[in-house]
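Below, each chain spelled out in residue letters.
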Amino acid sequence: MRPVSADDAGCPCRDGMFAPRADRRRFLFAAGSAVGAASAALGASVAVAAEKAPPGAQWFDVPDDPTKVQGRPVAADGGYGGRSQFETAVRVRFPTPNENTSWSLTPLAALVGVITPSGLHFERHHGGIPTIDPSRHSLLVHGMVGAAKRFSMDDIKRMPSVTRRHFIECSGNGLTEWKKPTAKTVQGTHGLLSTSEWTGVLFSTFAREVGLKDGATWVLGEGSDAAVMTRSIPLEKMLTDGMIVYGQNGEAIRPEQGYPLRLLLPGYEGNTHIKWLRRLEVSDKPFMTREETSKYTDLMEDGRARMFTLDMEAKSVIVFPSGDMKLPGPGFYNISGFAWSGRGRVQSVDVSTDGGTSWFPARLDTPAEPMCAVRFSFPWSWGGEGAILQSRCMDETGYIQPTRQQLLAIRGDHGPFASVYHLNAIQSWAVAEDGSVANVHA
Amino acid sequence: MFTPNAARLALILIASLAGAATGSAQTAGDTRLNLGAPLPADQLAGYFAIPPDGRGLPQGSGDAKAGRVVFAEKCAVCHGDKLEGNPQPGFGGDKLVGGRGSLATDKPVKTTESYWPYATTLFDYIKRAMPFNAPGSLTNDEVYAVVAFILAEGHIIGPDDKINAAELPKVKMPNRDGFIPDPRPELSLYK
């Protein structure tokens with residue numbers, strides 16, 4: 001496979017806050033900001049930009065003074081709101097040869113707070129996005145159980161539910177970054193991470209409905225897509241905090257996220273969170289499905305491969321400033337990013353502006369919840385000198401996010417992508433004297 | 001915290017206080033909700049997941065000769081006539097043979113032949129997800145045959161070997177012993 005990155009697609013992920021190649025709508029929006037002066041020179045392109053609203057938005061003419069004309073009538077949107085026509089952040093697909101087995105990355109630098117808008121949650125599908133009528137969908141639970149059962153969506157919604165915030169990260173997040181800095185933006189390097197509020201029923205509730213037999217140790221989850229995706233999950237995990245979810249951020253989960261039902265395994269690699277979930281088979285051994293043998297195993301330099309590497313280890317990344325942005329000049333910048341761990345809460349985050357020589361504690365802007373990302377920030381007064389920005393996460397187990405060199409020393413740097421999965425190394429962004437920010441290995 | 005158990009208990013209390021409890025009697029000792037419908041075995045007939053011991057493999061059989069025909073007709077467009085893979089846009093089928101002995105080198109080539117630990121996975125995956133443009137459309141005989149073909153092309157079984165429910169779990173893949181459990185957290189990170 002040719003080393004490719006999200007940037008190859010000529011993607012709008014370059015659309016950073018101070019992106020040197022910001023598009024026309026961005027200039028319009030930015031009037032009055034640091035790049036606002038440029039919009040005057042682009043007056044003629046206003047009409048061009050007006051022709052097309054970004055995905056999820058509708059274009060409306062912009063009045064000279066919104067206080068002098070009536071706005072749009074109530075409910076003119078049909079009863080379901082879209083985003084502002086000036087908000088352009090989108091997911092970008094990684095250029096795999098086949099569009100049906102591919103992934104798209106979350107524009108992390110465009111997010112605010114810690115929750116990922118459902119429409120920007122990263123995607124990884126192995127057979128496209130199925131269209132499923134919930135009235136015809138059910139969940140079968142069988143195998144080493146007392147009495148096998150079929151649960152309709154109505155049954156499931158009658159059950160006691162839990163609502164919890166958790167991140168999901170694909171274990172392939174950053175796979176292009178093992179050997180050399182490849183993706184230009186944080187969307188390319190870290191965009192297979194998203195955080196949502198999930199609502200659903202604990203697996204333990206289903207376990208009591210069907211009864212578990214002695215000796216059961218694994219559970220197969222199976223999806224209802226064209227890949228009929230399957231993964232084997234340790235029963236212990238399922239009983240600890242495994243959830244069968246139908247809600248995401250206050251509404252039904254999106255089709256791309258498994259509508260009407262998905263498995264949610266806090267802190268586990270994304271592929272195990274089976275979407276379009278239709279079946280759970282309780283067993284006394286793992287099934288050794290294609291996705292847990294051929295894929296999602298980590299080949300070490302000595303030729304042996306790690307299997308069932310399910311936990312996503314502690315990780316963090318600065319999203320502002322980040323790759324392909326341009327700082328307009330020396331002065332104050334609120335460095336900001338995300339930190340997360342699949343083994344529990346984030347305990348602390350440190351930030352370095354000198355490539356890891358000195359570290360300072362960052363502020364956690366959102367509550368540290370188990371297996372949930374936090375937003376961190378760090379006040380930085382930039383004097384205009386070259387700088388290397390890094391962040392490092394420590395989770396509540398005391399594990400400290402390692403450097404890439406530490407991971408390569410353990411796992412090897414063979415092949416184009418080393419051991420491919422589970423790169424949780426410290427990320428470096430180099431700020432040049434002219435304010436441009438680049439992905440580097442420091 | 002408002003746990004499912006506590007929620008259920010609360011429901012029972014409310015229901016019984018209001019004298020509105022109908023249906024089956026619930027006691028604190030029985031924590032079931034009695035939701036969901038019984039699932040008789042015949043409703044599970046269309047579902048499968050085949051572990052390495054072969055449990056659940058269906059009847060039927062096939063060999064590489066029959067499999068070559070299936071492959072040429074239904075797989076080669078995306079996986080190549082010589083199973084070499086097809087990275088062209090719109091196809092993207094993996095390379096299925098070769099790479100044996102490469103895993104510990106600087107250019108590891110992971111294929112069914114070189115990397116997969118279990119032959120049962122091949123049956124399971126092809127029956128569930130291939131051909132990519134018509135998943136789940138092969139008969140069991142066709143799946144056995146094309147599995148035999150891929151295994152024979154990888155020199156894992158003989159060209160005339162028959163593959164069926166009894167034989168498939170016995171096939172020893174070259175990288176059968178190549179996998180280790182997750183050793184993380186990596187101890188050297190605590191130095």
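Below, the structure is looked at part by part. What you see is a predicted model, and the numbers here were worked out from it, not measured in a lab.

1. Quick look at helix H6 (residues 140-153) of chain B
Residue and element names in this part refer to chain B.
1) Next: In this model H6 runs 20 Å from its N-terminal to its C-terminal C-alpha over 14 residues, within 8% of the 20 Å that 1.5 Å per residue would give.
2) Next: Most of H6 sits inside the fold, with eleven of its 14 residues counted as buried.
3) Next: By the burial criterion, the buried members of H6 are Glu142, Val143, Tyr144, Ala145, Val146, Val147, Ala148, Phe149, Ile150, Leu151 and Ala152.
4) Next: The elements touched by buried residues of H6 are strand S2 (61-63), helix H2 (64-74), helix H4 (112-115), helix H5 (119-129) and strand S3 (162-164).
5) Next: Among the residues trailing H6, His155 stands out with phi positive, at a value near 55 degrees.

2. Quick look at the packing of H5 of chain B against H6 of chain B
All names here are of chain B.
1) Next: It is the contact of H5 with H6, at a shortest axis distance of 10 Å, that shows an interaxial angle of 130 degrees. Judged on the interaxial angle alone, H6 and H5 are oblique. For the crossing formed where H5 meets H6, the hand is right-handed. The residues of H6 that touch H5, namely those facing Ala119, Leu122, Phe123, Ile126 and Lys127, are Asn140, Val143, Tyr144, Val146, Val147, Ile150 and Leu151.

3. So, the pattern of salt bridges
1) Next: Going through the model one piece at a time under the given rule, you end up with 40 salt bridges over all chains.
2) Next: The network of salt bridges with shared partners includes Arg306, Asp311, Glu313, Arg343 and Arg411 of chain A together with Asp182, Arg184 and Glu186 of chain B.

4. What to know about empty space enclosed by the protein
Residue and element names in this part refer to chain A.
1) Next: Here the structure, examined in full by the defined rule, presents seven cavities of 30 Å³ or more.
2) Next: What lines the largest cavity is a set of 20 residues, among which Arg124, Arg262, Gly270, Asn271 and Lys275 lie closest to the centre.
3) Next: Of all the elements, strand S3 (residues 123-125) adds the most residues to the lining of the largest cavity, at three residues.
4) Next: Of the residues belonging to the lining of the largest cavity, the class tally is seven nonpolar, seven polar and six charged.

5. Focus: the pairing of strand S24 (residues 437-440) of chain A
Residue and element names in this part refer to chain A.
1) Next: Burial of the side chains of S24 is restricted to one face: Val437 and Asn439 are buried, whereas none of Ala438 and Val440 on the reverse face is.
2) Next: Bridging between strand S23 (residues 428-431) and S24 involves four bridges; their strand directions are antiparallel. Among the inter-strand pairings, Val431 is bridged to a residue of S24, identified as Val437.
3) Next: If you look at the hairpin formed by S23 and S24, you'll find five residues sitting between the two strands, and Gly435 has a positive phi there, around 90 degrees.

Thresholds applied
Residues numbered from 1 in each chain as written. Chains lettered and ligands numbered in written order. Predicted model: local features only at pLDDT ≥ 70, side-chain atom pairs only at ≥ 80, totals over all residues. Heavy atoms only, no water. Helix = DSSP H or I, 4+ residues; strand = E, 2+ residues; numbered from the N terminus. Expected span 1.5 Å × (residues − 1). Buried < 20%, exposed > 50% of the residue type's maximum accessible area, 1.4 Å probe, protein only. Contact = heavy atoms within 4.5 Å. Axes fitted to C-alpha atoms, helices over the stretch in contact; angles between N-to-C directions. Parallel < 35°, antiparallel > 145°, perpendicular 65-115°, else oblique. Left-handed = near helix turned anticlockwise from the far one by under 90°. Salt bridge = Lys/Arg side-chain N within 4 Å of Asp/Glu carboxyl O. 1 Å grid on protein atoms, 1.4 Å probe; cavity = no way out; pocket = protein on both sides within 12 Å on 5 of 7 lines; lining within 4 Å. Points joined across faces, edges and corners; volume = space filled by probe spheres on them. Nonpolar A, V, L, I, M, F, W, Y, C, P; charged D, E, K, R; others polar. Pairing = 2+ DSSP bridges.

Read these as geometric descriptors, not functional statements.
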